[in-house]
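Survey of secondary and tertiary structure
Listed here are the chains, written in short residue letters.
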Amino acid sequence: MSRTSRKNSWAPWRRAAVTGGAGFLGSHLCESLLHSGVEVDCVDNLLSGSRRNIAHLAGRPGFRFVECDVCAPGCADALTGPYDLVLHFACCASPVDYLRLPLETLDAGSLGTRALLAVAERDGARFLLASTSEVYGDPLVHPQPEDYWGNVNPIGPRSVYDESKRFAEALVSAHVRARGADAGIVRLFNTYGPRMRAHDGRVVPTFICQALAGKPLTVAGDGSQTRSLCYVDDTVDGILLVAASGAAHPVNIGGTDEVAVADIARRVLELTGSSSSVEFIERPTDDPQRRRPDTRLARELLGWAPQVPWEEGIKQTIAYFAAAQTAQAAQTAHAAQKSPQPLPQN
Ligand code: UDP
């Protein structure tokens, strides 16, 4: 199902700022808002985002790319607005990225959230924080409802992401209580789909790219740990519904089919027709064992439920990475043809 076929016609905003707009999820959000007639300032420092993700939006009426780091003092000045919606999605979200960039990750949740809340307050805009299922840590309650406080190691390697988002949630909640801000929080569970980076380390792109390349699929531990995958189109719809709802409390948005990592590997092998083997690798520190959102609130408050069966979403994502690999191979062949031949040795 393409985003165009699910065009939102109800968007109540005129102009939005989307931080992290050149990232995987951010670029889909920019696209959806533009489709709904909302002008978009896409804000990104390109640390984990890419111009490629927004190349198709450049030049569209109402779209503007602002290259800046939301934590840098001058960035807010470049966000001239006025906005009626601020979506704060700028943050490394892949374990590989946030373990490589721990301080930047903490800054995005603290300094970045503070700066963007100020922009929203200046313009009287609705503010929405992209939070995460990681605030539940390695959960002791299953599935996870929004009123579960979580089980997080505050000093482990993953804490830079978990605590950054938990602090950001505290900041948003304090602004709602102390300053009457119109601000909300969406807790996102494992979203996947086209425009993920091949090497961002997350399970879906990693397994698909390994399968397409005929390399072993690297299953962490024994692969019994679970995740609930949500296709990007469903996640984007959920985010915009939370934004429009005016809710000040967190809302879970995520898939309801809980799948073991080993089963994701199996399914990817079947759907790609790959003969790759499976290689069991060491489990990352504090890797949550089970994860599934309780989505009752999203259903009752927003009428939201995921629409794309995970097998269908995986097929779309495989098609995306297969096309990207073919384009890359053609480019490499073209470059090799153009490069000068070595002189004969005699
Ligand atoms: N995983 C895996 N092999 C990989 C990448 C990830 O088995 O090559 C596992 C990882 O250990 C975790 C699950 O897949 O248990 C989901 O990891 P991901 O990084 O996609 O997201 P997370 O939910 O941990 O943020």
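Residues numbered from 1 in each chain as written. Predicted model: local features only at pLDDT ≥ 70, side-chain atom pairs only at ≥ 80, totals over all residues. Heavy atoms only, no water.

**Digging into the packing of aromatic side chains**
Cut-off, in case you're wondering: Pairs were defined over the aromatic rings of Phe, Tyr and Trp, the Trp ring being its six-membered one, requiring ring centres within 6.5 Å. Orientation was assigned from the angle between planes: stacked under 30 degrees, edge-to-face over 60, tilted for the rest. For the exposure calls, accessible area comes from a 1.4 Å probe over protein chains only, and a residue counts as buried if that area is under 20% of its type's maximum, exposed if over 50%, partly exposed in between.
Counted according to the given criterion, the structure contains five aromatic pairs. The interplanar angle of 75° and the centroid separation of 5.1 Å between the aromatic rings of Tyr320 and Phe321 together place this pair among those described as edge-to-face. For Tyr320, a relative accessible area of 30% corresponds to the partly exposed category. Residue classification places Phe321 among the buried positions, given a relative accessible area of 4%. A connected cluster of aromatic rings, assembled from ring pairs, spans Tyr136, Tyr148 and Phe189.

**A short note on the site of the ligand**
Quick reminder of the rule: Proximity criterion: a residue is near a molecule or strand once any of its heavy atoms comes within 4 Å of it. Under this definition, polar contacts are N or O atom pairs within 3.5 Å; protein pairs additionally need one hydrogen-donor-capable and one acceptor-capable atom, and for neighbouring residues in sequence, both atoms have to be side-chain atoms. Only the protein chains shown count as cover for residues, and the accessible areas themselves come from Shrake-Rupley with a 1.4 Å probe. The helix and strand labels rest on DSSP assignments: H or I over at least four residues marks a helix, E over at least two residues marks a strand, and numbering proceeds from the N terminus. Here the nonpolar group is Ala, Val, Leu, Ile, Met, Phe, Trp, Tyr, Cys and Pro; Asp, Glu, Lys and Arg are the charged ones; every other residue, Gly included, is treated as polar.
Within the structure, the ligand sits among 18 residues, and Thr218, Ala220, Arg227, Asp287 and Arg291 are positioned closest to it. One of the side-chain nitrogen or oxygen atoms of Arg158 is found 2.9 Å away from an oxygen atom of the ligand. Measuring from an oxygen atom of the ligand, one finds a backbone N or O atom of Val203 at 2.7 Å. When isolated, the ligand has an accessible area of 520 Å², and the protein chains bury 92% of it. Elements that contribute at least two residues to the shell around the ligand include exactly helix 6 (203-213) and strand 8 (217-220). In terms of residue class, the shell around the ligand is made up of seven nonpolar, five polar and six charged.

**Brief notes about the nonpolar core**
Basically, it comes down to this: To qualify as a nonpolar core, a set must consist of buried Ala, Val, Leu, Ile, Met, Phe, Trp, Tyr and Cys residues joined through side-chain atoms within 4.5 Å. Any two residues whose heavy atoms approach within 4.5 Å are treated as being in contact.
Among the nonpolar cores identified, the biggest contains 58 residues, and Leu33, Leu87 and Phe89 are the most heavily contacted of them. In contact with Leu87, not counting residues within four places along its chain, are Ala17, Val18, Thr19, Leu29, Leu33, Leu128, Leu240 and Ala243. Residues Val70, Leu116, Ala183 and Ile185 belong to the second largest nonpolar core, which totals 22 residues.

**Structural notes on the sheet that holds strand 6 (residues 183-188)**
So the rule is basically this: Note: two strands are recorded as paired if DSSP finds a minimum of 2 bridges between them. Helix axes are fitted to C-alpha atoms over the stretch in contact, other axes to C-alpha atoms as well, and angles between N-to-C directions run from 0 to 180 degrees.
Strand order across the open sheet formed by seven strands is 3-2-1-4-5-6-11, with parallel pairing between neighbours. Edge positions in the sheet fall to strand 3 (63-67) and strand 11 (250-253), since each has one partner strand and no second. Each strand axis lies, on average, 20° off the axis of its neighbour in the sheet, ignoring direction. Summarising the sheet, strand 2 (residues 39-44) and strand 3 pair through five bridges and their orientation is parallel. What sits directly across from Asp44, in strand 3, is Glu67.

**Topic: the packing of helix 4 (residues 102-123) against helix 5 (residues 159-179)**
We apply this condition: When an angle is under 35 degrees it counts as roughly parallel; over 145 it counts as roughly antiparallel; between 65 and 115 it counts as roughly perpendicular; any other value is oblique. Crossing handedness is defined as follows: a turn of the near helix away from the far one that is anticlockwise and smaller than a right angle gives a left-handed crossing, while the clockwise case is right-handed.
The contact between helix 4 and helix 5 brings their axes to 8 Å, and the two run at 20°. Considering their axes alone, helix 4 and helix 5 lie roughly parallel with respect to each other. Pair helix 4 / helix 5 crosses with right-handed handedness. Packed against helix 4, whose contacting residues are Pro102, Thr105, Leu106, Gly109, Ser110, Thr113, Arg114, Leu117 and Glu121, the element helix 5 presents Val160, Tyr161, Ser164, Phe167, Ala168, Leu171, Val172, His175 and Arg179 at the interface.

**Overview of the confidence of the model for the chain**
Low-confidence regions, as indicated by low pLDDT, have predicted coordinates that should not be scrutinised in detail. What counts here: Note on scores: pLDDT gives the predictor's confidence for each residue, bounded by 0 and 100.
When the pLDDT values of the chain are averaged, the result is 93; 95% of them are 70 or greater. Predicted confidence for residues 1-7 stays below pLDDT 50, and this span has 20 contacts to residues more than four positions away or in other chains.

**Details of the state of the cysteines**
Counted only if it meets this: Here, two cysteine sulfur atoms that lie within 2.5 Å of each other are counted as a disulfide.
Summed over all chains, the structure comprises one disulfide. A disulfide bridge connects Cys68 with Cys75, and the sulfur atoms are separated by 2.0 Å. Taking the torsion about the sulfur-sulfur bond, which here is approximately 40°, the covalent link between Cys68 and Cys75 counts as right-handed. Cys75 shares its class with Cys68; the two are buried. Of all cysteine sulfurs in the structure, the one in Cys42 sits closest to Cys30, which takes part in no disulfide; the separation is 4.1 Å. Here Cys42 falls in the buried class, since its relative accessible area comes to 0%.

**A few points about helix 7 (residues 232-245)**
Counted only if it meets this: What a helix should span is 1.5 Å times the count of its residues minus one.
Under the 1.5 Å per step criterion, the end-to-end length of helix 7 is 20 Å for 14 residues, consistent within 8% with the ideal 20 Å. Within helix 7, eleven of the 14 residues are buried, which leaves the element mostly enclosed by the surrounding structure. Gly246 occupies a position one or two residues after helix 7 and carries a positive phi of about 75°.

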